[in-house]
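# Secondary and tertiary structure notes
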Amino acid sequence: MAYKLPELPYAFDALEPHIDAQTMELHHGKHHNTYVNNANAALEKIPQELATLEPEDLLKQLDRVPEEQRTALRNNAGGHANHRLFWQVMTPNARGLKDFPTLMGEIESTFGSVEAFAEKFENAAKGRFGSGWAWLVVKNGKLDVVSTANQDSPVSSAAYGGCDATPILGVDVWEHAYYLNYQNRRPDYLKAFWNVVNWEEVEKRYNAAK
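Definitions and cut-offs
- Residues numbered from 1 in each chain as written.
- Predicted model: local features only at pLDDT ≥ 70, side-chain atom pairs only at ≥ 80, totals over all residues.
- Heavy atoms only, no water.
- UniProt positions renumbered as here; feature names shortened; annotations may be inferred.
- Phe/Tyr/Trp six-rings, centres within 6.5 Å; stacked < 30°, edge-to-face > 60°.
- Buried < 20%, exposed > 50% of the residue type's maximum accessible area, 1.4 Å probe, protein only.
- Helix = DSSP H or I, 4+ residues; strand = E, 2+ residues; numbered from the N terminus.
- Contact = heavy atoms within 4.5 Å.
- Expected span 1.5 Å × (residues − 1).
- Bend = angle between axes of the 7 residues up to and from the residue.
- Pairing = 2+ DSSP bridges.
- Salt bridge = Lys/Arg side-chain N within 4 Å of Asp/Glu carboxyl O.

The name given to the chain in an unreviewed UniProt entry is Superoxide dismutase, with the source organism recorded as Kushneria aurantia. Within the UniProt record for the chain, the comment given under Catalytic activity (unreviewed entry) is "2 superoxide + 2 H(+) = H2O2 + O2". In UniProt, the chain has this text filed under Function (unreviewed entry): "Destroys radicals which are normally produced within the cells and which are toxic to biological systems."

Moving on to the packing of aromatic side chains. Summed over all chains, the structure comprises 13 aromatic pairs. Here Phe111 and Phe117 contribute two aromatic rings whose centre-to-centre distance is 5.3 Å and whose plane-to-plane angle is 40°, an arrangement assigned as tilted. Residue classification places Phe117 among the buried residues on the basis of a relative accessible area of 1%. Taken together, the ring pairs connect Phe86, Trp87, Phe111, Phe117, Phe121, Trp133, Trp135, Phe193, Trp194 and Trp199 into an aromatic cluster.

Let us look at the side chain of Asp152. One can find Asp152 in the loop between strand 2 (142-149) and strand 3 (166-172). Those residues in contact with Asp152, other than ones at most four positions away along the chain, are Arg74, Asn82, Trp135, Tyr160 and Gly161.

What follows covers helix 4 (residues 67-88). Compared with the 32 Å implied by 1.5 Å per residue over 22 residues, the 31 Å span of helix 4 between its first and last C-alpha is a close match. At Leu73, helix 4 shows its strongest bend, of approximately 35°.

Here the UniProt-annotated "domain: Manganese/iron superoxide dismutase N-terminal" (unreviewed entry) positions come out as residues 3-90. Annotated as residues 3-90, this span is 61% helix and 0% strand, and its ends, taken at the C-alpha atoms, are 22 Å apart.

Another aspect to go through is the pairing of strand 2. Moving residue by residue along a regular strand, the side chains alternate between the two faces of the sheet. Judged from the eight bridges that link them, strand 1 (residues 132-139) and strand 2 form a sheet pairing that is antiparallel. The partner of Trp135 across the bridge, within strand 2, is Val146.

On to the pattern of salt bridges. Counted by the stated rule, this structure contains eleven salt bridges. With a closest N to O distance of 3.6 Å, Arg95 and Asp99 form a salt bridge. Assessed through its relative accessible area of 42%, Arg95 is described here as partly exposed. For Asp99, a relative accessible area of 37% puts it in the partly exposed group.

As C-alpha cells, then:
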C-alpha cells in the first residue's frame, strides 16, 4: 500500500495573510510530496505486514522495521504523518477556542489558563533548535506539550524521538514552513499560527485520543 499525498482541504492562498500561498504550495507540493515518495521507496523493501500499515501505526513499531530502512521510514513516514495532521489542524475559517468548551476546559485544567498553554506551546516551538515540531498531545488521557526534532513523531517511543503519545495539534518549525514570509522571525510565525488553528479538528482528535 503506497502512501499518497493528500489534497489540501483549502486553497494555497486560503490562510493568508498568516501563511502565504507560495509557502503553502512549496510546502505541500514539494516538501510533503518528497516525504511521500521517499517513504514509498523504503516501504518496498520491508515486510508486507509492516508496509501496509498506516504511517502512524508503522511509527509506533519502528523497532520491527529492518535496520536498513528504519532511518528512512523514521524520517519520511514521520514527515508524511506529521504533515497530514498539520494541514488538517489549520483552517481559513478558524473559530475561537471558546467555541469548544470541552477542550478549552481541559486546557485550562491542565495548564492553568489558555494563555499559559499558548506560552508553553510557543516556548516549545521557539526552543526547538534547528528543525522540528511543537505538539499538543494526549498521553494516558492527559494533555501535554512536547517538542520533537526533525520529522520525529510523538507516536513513536522515546528510542525514536517520540513519547508514546497521540498528537492533536502540531506546528511545523522547519524553516521551509515560514521563511518566505517571516525569514528568521519564528516567534512572529508562531503568533500568526493561532489565527488559523482548526480547534474543531483538534477537539475531535482529543475526544478520539481519550
